[in-house]
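So you can see what is in the structure, the chains are spelled out below.
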Amino acid sequence: MSAATDEARTPSDHVDERILRGSPLRKLLARPELGSVVGALAVLVFFAFAADGFLRAASLSTVLYASSTIGIMAVPVALLMIGGEFDLSAGVMVTSSALISSMFSYQMTANTWVGVGVSLLVTLAIGAFNGFMLTRTKLPSFIITLGTFLMLTGMNLGFTKLIDGTVSTKTIADMEGFPSAHAVFASTLTVGGVDFKVTILWWLGLVALASWILLRTRAGNWIFAVGGNQDAARAVGVPVARTKIGLYMGVAFGAWISGQHLLFSFDAVQSGEGVGNELIYIIAAVIGGCLITGGYGSAVGSAVGALLFGMTSKGIVFAEWNPDWFKFFLGAMLLLATLLNAWVRKRAEATP
């Protein structure tokens, strides 16, 4: 059994298998992200031959940007899935975050940073609401977050039409604080003559933070424990409710970052955006090695899953193929990655 799953199903005084010595092969096979790394290398080699210019620095910058816009959300979604839950409202929550920031700043004629701060508080409150409702009602996360998804979808459209009279917000590009907020959430950095979006830094920072939480903190042990067996975790003193609420607030924090990037990239926001993106975040986490049943996965794996998404979406464009086939390739990658991850786990369990 994998180290993370074993830890999640044993008492807290059990020696953590992650610090025990084992064969290098077993350690390698036990990594949740191994299957996605193999898949990513295969996709990279494939498009290197199939698409002219795919390996150029400018092309890789485009791939990294596309990956980062998914990866920022895939990281907290992966942590939530390791904790045994998922969030169907994650996609529209990104749009809600952007709408709140934009409309508050415009209507109150306030510095855009005021709208950014209000958006952070409201978005975190939405995440806390999801976690609170889940832990208090004991309903499945599917029902809770589906309800939130529908409510946010309606509120995004309803409030935007009520306040702005249209389905999109007014531009805030000429408001005080916009340049500095744009620099934080949507700027472009030039390195060696190649332009890179700042979202790549946000993405890598979140991966590092999430990996540290999972592997080096008590909270990480709690996440694996509640995802593996929450009743057993509760019996040994793990704060199950607090952990799950915190995980949902983590998803909300990722939605806030993505929402601010959306707003400050385009100055205005369409209220109908974000629907369906929650499935892409979940797919990236699953491709990266997270189990739907919880208790297994990694932040690095979710990053590799997002990278696979970025390489495929942009590789098809660089190869000048019909983009209608993109979802076919995405679905095929999901199935292949899941089968490969299952095979890797069985090999890890059989390897001495």
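Residues numbered from 1 in each chain as written. Predicted model: local features only at pLDDT ≥ 70, side-chain atom pairs only at ≥ 80, totals over all residues. Heavy atoms only, no water.

Could you give an account of the overall build of the protein, with specific residues and numbers?
Of the regular secondary structure elements, the protein holds 14 helices and 2 strands. With an accessible surface of roughly 16,300 Å², the protein has 69% of that area assigned to carbon and sulfur atoms. (Helix = DSSP H or I, 4+ residues; strand = E, 2+ residues; numbered from the N terminus. Areas by Shrake-Rupley, 256 points an atom, 1.4 Å probe, with all protein chains shown as cover.)

I'd like a description of the pairing of strand β2 (residues 194-197), backed by residues and values.
Walk down a regular strand and you will see the side chains alternate between the two sheet faces. Two elements, strand β1 (residues 188-191) and β2, share 4 bridges in a ladder whose sense is antiparallel. Of the residues in β2, the one forming a bridge with Val191 is Val194. Taken together, β1 and the strand that follows it, β2, pair antiparallel across an intervening segment of 2 residues, in which Gly192 is found at a positive phi of about 60°. (Pairing = 2+ DSSP bridges.)

I'd like to hear about helix α9 (residues 199-216), residue by residue, with values.
Note on helix geometry: an α-helix contains 3.6 residues per turn, so any two residues three or four positions apart are oriented the same way. An ideal rise of 1.5 Å per residue puts 26 Å on 18 residues; α9 measures up with 25 Å between its terminal C-alpha atoms. Of the positions making up α9, those classed as buried are Thr199, Ile200, Trp203, Leu206, Val207, Ala210, Ser211 and Leu214. On an axial view of α9, the arc spanned by its buried residues comes to 130°, and they lie on one face. (Expected span 1.5 Å × (residues − 1). Buried < 20%, exposed > 50% of the residue type's maximum accessible area, 1.4 Å probe, protein only. Arc of directions from axis to C-beta.)

Residue-level account of the UniProt feature "transmembrane region" (unreviewed entry) in the protein, with values.
Per the UniProt record, "transmembrane region" (unreviewed entry) is found at residues 34-55, 62-82, 113-133, 139-159, 198-215, 245-267, 279-305 and 325-344. Taken end to end, residues 198-215 is 94% helix and 0% strand, and its first and last C-alpha atoms sit 26 Å apart. (UniProt positions renumbered as here; feature names shortened; annotations may be inferred.)

Describe the packing of aromatic side chains, with residues and values.
According to the stated counting rule, one finds 11 aromatic pairs in the structure shown. Measuring from ring centre to ring centre gives 6.2 Å for Phe54 and Phe318, while their planes differ by 70°; the resulting arrangement is edge-to-face. Of this pair, Phe54 sits in the loop between α3 (34-50) and α4 (57-82) while Phe318 sits in helix α13 (residues 299-318), and the two are 264 residues apart along the sequence. The class for Phe54 is buried, based on a relative accessible area of 1%. Relative to Trp256, the ring of Phe185 has its centre 5.5 Å away and its plane inclined at 85°; by these criteria the two rings are edge-to-face. With Phe185 in helix α8 (residues 178-185) and Trp256 in helix α11 (residues 240-266), this residue pair connects regions lying 71 residues apart in the sequence. With relative accessibility at 2%, the residue Phe185 sits in the buried group. An aromatic cluster is present here, built from Trp113, Phe178, Phe185, Trp202, Phe253, Trp256 and Phe264 joined pairwise through their rings. Over the aromatic face of Tyr65 sits the side chain of Lys197, whose NZ or CZ is 5.9 Å from the ring centroid. (Phe/Tyr/Trp six-rings, centres within 6.5 Å; stacked < 30°, edge-to-face > 60°. Lys NZ or Arg CZ within 6 Å of the ring centre and 35° of its normal.)

Would you mind going over the pattern of salt bridges in detail, with residue names and values included?
Across all of its chains, the model carries 3 salt bridges by this definition. The salt bridge involving Asp164 is made with Lys170; its shortest N-O contact spans 4.0 Å. Under the relative-accessibility criterion, Lys170 is labelled partly exposed at 33%. We note a salt bridge from Arg234 to Asp231, for which the minimum N-O separation is 3.4 Å. Residue Arg234 and its partner Asp231 are located together in helix α10 (residues 218-235), separated by 3 residues, close to a single helical turn. With a relative accessible area of 41%, Arg234 lands in the partly exposed category. Asp231 gets classed as exposed once you look at its relative accessible area, which sits at 53%. (Salt bridge = Lys/Arg side-chain N within 4 Å of Asp/Glu carboxyl O.)

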